[in-house]
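Examining the three-dimensional arrangement
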Amino acid sequence: MMRQIFSGGAAALALVAMTPVATAQESTVDKRVERLEKQMRAVQRSVFPGGSPAFFEGEIAPDNTPGERVKSSAPVIDLTARVDALEEQLQALTGQTEQNAYQLRELEKQFTAYKAEMDKKLAAPATAETAALAPAVARTTTTTAPARKPAEKPAADKGDASRLALVKKVEVPATGNEVEDAYTYGYRLWDAKLYPEAEAQLKQVVAKWPKNNYASYAQNLLGRAYLDEDKPSLAAVAFYNNYKDRPNGARAPHSLMYMGVALTELGRKADACKAFRELEEVYGDKAPKDVRDDAAAAKSKAGC
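What you see is a predicted model, and the numbers here were worked out from it, not measured in a lab.

Topic: the overall build of the protein chain
- A count of helical and extended segments in the protein chain gives eleven helices and zero strands.
- Relative to its 304 residues, the protein chain shows a buried fraction of 32%.
- Contacts in the protein chain between residues far apart in sequence, at least 24 positions, make up 61% of those at least 6 positions apart.
- Taken as a whole, the protein chain presents about 19,000 Å² of accessible surface, with 56% of it coming from carbon and sulfur.

Focus on the environment of E197
- Here E197 shows up in helix α6 (residues 195-208).
- With 28 residues separating them along the chain, E197 and A225 place their C-alpha atoms 9.9 Å apart.

Some details on the packing of aromatic side chains
- Per the counting criterion, the structure on display carries six aromatic pairs.
- The interplanar angle of 45° and the centroid separation of 6.0 Å between the aromatic rings of Y214 and Y217 together place this pair among those described as tilted. One end of the pair, Y214, and the other, Y217, are both in helix α7 (residues 213-228), three residues apart, so they sit about a helical turn from each other.
- Among the aromatic residues, ring-to-ring pairing joins Y183, Y214 and Y217 into one connected group.

Overview of the confidence of the model for the protein chain
- Per-residue confidence for the protein chain averages 74 on the pLDDT scale, and 56% of its residues sit at or above 70.
- Counted against residues more than four places away or in other chains, residues 1-19, with its pLDDT under 50, gives zero contacts.
- Here residues 51-63 is a poorly scored stretch, pLDDT under 50, and it has 21 contacts once near neighbours within four places are set aside; other chains count.

Details of the side chain of S216
- Along the chain, S216 turns up in helix α7.
- The contact partners of S216, leaving out residues within four places of it in the chain, are N242, R246, G249, A250, R251 and A252.

Topic: the packing of helix α5 (residues 178-191) against α7
- At a closest axis distance of 11 Å, the pairing of α5 and α7 adopts a crossing angle of 15°. Taken together, α5 and α7 sit at an angle that is classed as roughly parallel. Both α5 and α7 take part in a crossing whose hand is left-handed. Where α5 approaches α7, its residues V179, E180, Y183, Y187 and W190 are matched on the opposing element by Y214, Y217, A218, L221, R224, A225 and D228.
- Of the residues assigned to the contact of α5 with α7, the class counts are nine nonpolar, no polar and three charged.

Details of the nonpolar core
- Ranked by internal contacts, the top residues of the largest apolar core, which has 46 residues, are L256, M257, M259, F276, L279 and Y283.
- For F276, the contacting residues outside a window of four places in its chain are M257, G260, V261, T264, A295, A298, K299, A302 and C304.

Criteria and thresholds
Residue numbers restart at each chain and count upward from 1, following the sequence in its written direction. Thresholds applied to this predicted model are a pLDDT of at least 70 for local features of residues and 80 or more for the giving and counting of side-chain atom pairs; totals over whole chains, interfaces and linings are not thresholded and use all residues. The side-chain numbers reported here are obtained from all heavy atoms of the structure, hydrogens and water having been left aside. Numbered from the N terminus, helices here are DSSP runs of H or I no shorter than four residues, and strands are runs of E no shorter than two. The cut-offs for exposure are 20% and 50% of the maximum accessible area for each residue type, with area from a 1.4 Å probe on protein chains only; residues under the lower value are buried, those over the upper are exposed, and the others partly exposed. Contact between two residues is taken to exist if any of their heavy atoms lie within 4.5 Å; hydrogens are not considered. Each accessible area value is a Shrake-Rupley result obtained with a 1.4 Å probe; residue values ignore everything except the protein chains displayed when judging cover. What counts as a ring pair is set by centres within 6.5 Å for rings of Phe, Tyr and Trp (its six-membered ring), and what kind of pair is set by the plane angle: stacked under 30 degrees, edge-to-face over 60, tilted for all other angles. Within a predicted model, pLDDT stands for the predictor's per-residue confidence, ranging from 0 to 100. In this analysis, axes come from line fits to C-alpha atoms, helices being fitted only over the stretch in contact, and the angle between any two N-to-C directions falls in the range 0 to 180 degrees. Note on angle classes: values under 35 degrees are labelled roughly parallel, values over 145 roughly antiparallel, values of 65 to 115 roughly perpendicular, and the remainder oblique. We call a crossing left-handed when the near helix sits turned anticlockwise from the far one by less than a right angle, and right-handed when that turn is clockwise. Lys, Arg, Asp and Glu make up the charged group, whereas Ala, Val, Leu, Ile, Met, Phe, Trp, Tyr, Cys and Pro make up the nonpolar group; the residues left over, Gly among them, are polar. Joining through side-chain atoms within 4.5 Å is the link that ties buried Ala, Val, Leu, Ile, Met, Phe, Trp, Tyr and Cys residues into a set, and such a set is a nonpolar core.

Put into structure tokens, the structure is as follows:
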């Protein structure tokens, strides 16, 4: 009987001793769950910026709770393991969110710099009328110039002997002025109605000497070669680029007028009228008389 009393007392004491341990375990887990909930709300605020402070807690902080975790019974161990896993997932999500935010900021910086650079390149003393023409002209086909030396005979199809013979008849200038000779040779090819060869030569002049005065002449003549070759869409692009890139160039008024002609041939009469109106507003009487005369005839044809 005495042994039974002692055994029962020992069991009761053990149960009483375990009660605060279990309570402490549950309290620790509850605190961790509460902290995880706060951290998750902080992550939500990071993922959805601009949220009301009433719904999002402060920044995520590491767990600095002093002391070791209380040794747990089986159910509490299972719950603690689940909380540990949740903490690890939350840390990974937080790290990914911070990385995504950093990458987004870097992309925004790069885009801002790119936009500023493009705005600077496109800045020109043109009115809103020309700005309205840009999308229409930009939709047309563009071409790139094949690289070859200026003032050299363009290579013709080996099988086209007659074409090669025509090209050879065009004299290559040799005055010693490299830029002038390159442009003059392009002009001679155009005058001989060898339009593909002229276009290649004129593109080379613009590409190699974009700031030279002859670039305005070459780009304008390139557009005329396209017009003569019955390629008004390419011509409109060439004329627009010459006016946009070199508004003070010697052939800028000519290009603006011819752009209206090209747009008329494309059936874009409203846009053509904008180009003619731009010519009057920007250059007025400063435009050469032949350009003003040609523009008046072209306006009548377009029905402006």
